[in-house]
Every structure is written in structure tokens, then in C-alpha cells.
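# Architecture and fold: a report
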Amino acid sequence: MSIFEYNGSAVVAMVGKNCFAIASDRRLGVNLQTIATDFQRIYKIHDKLYIGLSGLATDAQTLYQRLVFRHKLYQLREERDMKPETFASLVSALLYEKRFGPYFCQPVIAGLDDDDVPFICTMDCLGAKELAKDFVVSGTASESLYGVCESMYKPNMESEELFETISQALLSSVDRDCLSGWGGHVLLVTPTEVVERTLKGRMD
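The sections below set out a description of the structure shown in this document. (Residues numbered from 1 in each chain as written. Predicted model: local features only at pLDDT ≥ 70, side-chain atom pairs only at ≥ 80, totals over all residues. Heavy atoms only, no water.)

### A word on the pattern of salt bridges
Condition: Just to be clear on terms, a salt bridge is a Lys or Arg side-chain nitrogen sitting within 4 Å of an Asp or Glu carboxyl oxygen. Working definition: with a 1.4 Å probe on protein chains only, accessible area under 20% of the residue-type maximum means buried, over 50% means exposed, and in between means partly exposed.
Taken as a whole and judged by the stated rule, the model has 10 salt bridges. With a closest N to O distance of 2.9 Å, Asp 47 and Lys 44 form a salt bridge. The exposure class of Lys 44 is partly exposed, given its relative accessible area of 41%.

### A look at the sheet that holds strand β10 (residues 135-139)
Backbone hydrogen bonds are what pair the strands of a sheet, in a parallel or an antiparallel way. Inclusion rule: Strand pairing follows a simple DSSP-based rule, namely that at least 2 bridges must link the two strands. Only DSSP runs of H or I with at least four residues qualify as helices, and only runs of E with at least two residues qualify as strands; both kinds are numbered from the N terminus onward. Axis lines are fitted through C-alpha atoms, for helices just across the contact stretch, and the angle between N-to-C directions can take any value from 0 to 180 degrees. We call two residues in contact whenever any of their non-hydrogen atoms come within 4.5 Å of each other.
Taken in spatial order, the 5 strands line up as β10-β1-β2-β11-β12 in an open sheet, and their pairing is antiparallel. Of all strands in the sheet, those bounded by a partner on one side alone are β10 and β12 (194-199). With direction set aside, neighbouring strand axes in the sheet form an average angle of 10 degrees. Pairing of strand β11 (residues 184-189) with β12, which is carried by 6 bridges, proceeds in the antiparallel orientation. Note that in β12 the partner of Leu 188 across the bridge is Val 195. The strands touched by helix α3 (residues 142-152) are β1 (10-15) and β10; relative to β10, the strand with the most contacts, the crossing angle is about 160 degrees.

### Focus on the packing of helix α1 (residues 57-78) against helix α2 (residues 84-97)
Counted only if it meets this: Angles are sorted into four bins: roughly parallel if under 35 degrees, roughly antiparallel if over 145, roughly perpendicular if 65 to 115, and oblique for all others. In a left-handed crossing the near helix is turned counterclockwise from the far helix by less than a right angle, and in a right-handed crossing that turn is clockwise. Only Asp, Glu, Lys and Arg are considered charged, only Ala, Val, Leu, Ile, Met, Phe, Trp, Tyr, Cys and Pro nonpolar, and every remaining residue, Gly among them, polar.
At a minimum axis separation of 11 Å, α1 and α2 run at an interaxial angle of 125 degrees. The pairing of α1 with α2 is recorded here as oblique in orientation. Regarding α1 and α2, the two cross each other, and that crossing is right-handed. Taken together, the residues of α2 that come into contact with α1 (itself represented by Leu 63, Arg 66, Leu 67 and Arg 70) are Phe 87, Leu 90, Val 91, Leu 94, Leu 95 and Glu 97. Its residues assigned to classes, the contact of α1 with α2 shows 7 nonpolar, no polar and 3 charged.

### Looking at α3
Quick reminder of the rule: Directions drawn from the helix axis to the C-beta atoms are what define this arc.
Inspection of α3 places Ser 142, Ser 144, Leu 145, Val 148 and Cys 149 among the buried residues, and these make up the whole buried set. An end-on view of α3 places all buried positions within 155 degrees of arc, on one side of the element. Exposed and facing more than 90 degrees away from the buried side of α3 are Glu 143, Glu 150 and Ser 151.

### With respect to the sheet that holds strand β9 (residues 129-132)
Strands sit in the order β5-β6-β7-β8-β9 across an open sheet of 5 strands; the sheet is antiparallel. Of all the strands in the sheet, the pair left with one neighbour each is β5 (42-46) and β9. Averaged over all pairs of adjacent strands, the angle between strand axes in this sheet comes to 20 degrees, irrespective of strand direction. Two elements, strand β7 (residues 105-112) and strand β8 (residues 118-123), share 5 bridges in a ladder whose sense is antiparallel. Following the sheet pairing, Val 108 is matched in β8 by Thr 122. Contacts from α1 reach β5, β6 (49-55) and β7, with the element oriented near 5 degrees to β5.

### Brief notes about the packing of aromatic side chains
How we decide: The aromatic pairing rule takes the rings of Phe, Tyr and Trp, using the six-membered ring of Trp, and pairs them if the centres are within 6.5 Å, calling planes under 30 degrees apart stacked, those over 60 edge-to-face and the rest tilted.
Going through the model one piece at a time under the given rule, you end up with 3 aromatic pairs. The interplanar angle of 85 degrees and the centroid separation of 5.7 Å between the aromatic rings of Phe 4 and Phe 104 together place this pair among those described as edge-to-face. Separated by 100 residues along the polypeptide, Phe 4 in the segment before β1 and Phe 104 in the loop between α2 and β7 bring together distant segments of the chain. Overall, the relative accessible area of 22% leaves Phe 4 in the partly exposed class. A relative accessible area of 28% means that Phe 104 is categorised as partly exposed. Arranged with centres 4.4 Å apart and planes meeting at 20 degrees, the rings of Tyr 43 and Tyr 64 form a pair that is stacked. Of this pair, Tyr 43 sits in strand β5 while Tyr 64 sits in helix α1, and the two are 21 residues apart along the sequence.

Next comes the structure, spelled out in C-alpha cells:
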């Protein structure tokens, strides 16, 4: 079994009309044994920028702490929040720096820029970015997430429709993966508000 599958995970981000949603499952396991059912995989960088970290849970927490440190330094120096594109480059550089002993994480970055245009991207553990205009996925459930998102996604969705789509995509995907699941966690970000919802899924 790959080290990326050790804890199990499912993270997906999707773009709507001047908004985005990012969602993850809530299971933390050790191989097939479930350890926790309320694990946080989506982390806030600032009000309009979030990162979802799939992969090894310990590395995800370490990486998040280092990213918060770097972002706070940027805020002190620049006196503004980091743009999503800039933050993606920061994450990429940080991961590539450790390429000979990498963080076993696959980040999903989602944010709104100054003009409220959504930006999403994902990368591998070495920091190779993959930009998308519709949705990005990562984690052990990524194969089924790709299939469901491909069939359910449509462009320019309003925020409530986007929430419904990403929720159904996540729940039906984690049901097909035994290493992730136990409900979901969804963040819906618009220019004016951030809505956080918890999904109840199959508890097995």
C-alpha cells in the first residue's frame, strides 16, 4: 500500500459563478482501521483562500503550519493577503524544496482573486501544478471523484447549485472507496460570505 493511502482521504474543489466550493471527507484511518470520524482536511489561509491536504495526515498538519508561517511573513512584509496564484507558487516551491524527502501530501488550493474570479489548482507531492477551470480532485477516492465530477459539473453554477453538486459528487465517490468517507465537510466561498456545512454520509 502506498504511503499516500495510509490514512485515506478525498478532497475536491469546484468552480461556480464568482464562487467556489471545496470539500473533503472526515475519516482518519490507519489502513482499514478507522481512528477518527471528524478529521479536518480543509485549512483556511485567509477569508478567500483555502487549502485541502490529502495524503499522510501528519505531513498535512506539518505542511499547513509551515504555510501559515510563510503567509504571515508575507502579510507583514506586503501588508496584504496573498493572491491564490501566488500562494499556489509558494506551495509548489515549498514542496519542490523537499523533493528528496517529500511531504506525502497532494494539496488542493482554491481561492478568489481581487476581482472575485475563482482559482483552483492541485499538485503532486513534488509541487507540479495542475491548473483547472472546472474542478480538481485528490486523495484515495480521486478516481471515482473524477468520474462523478465529470458527469455532474456544469459551468457558471450559482452558489447553492454548486454546493448541491459538490456534495453529491463527494458522497457518491467516497461510497466507492473504503479508505475515505464518514460524511463530508464543505466550504462554499462567495465574494460576500463563507458558508461551512457538514454532510452526513454512510457511517461504515
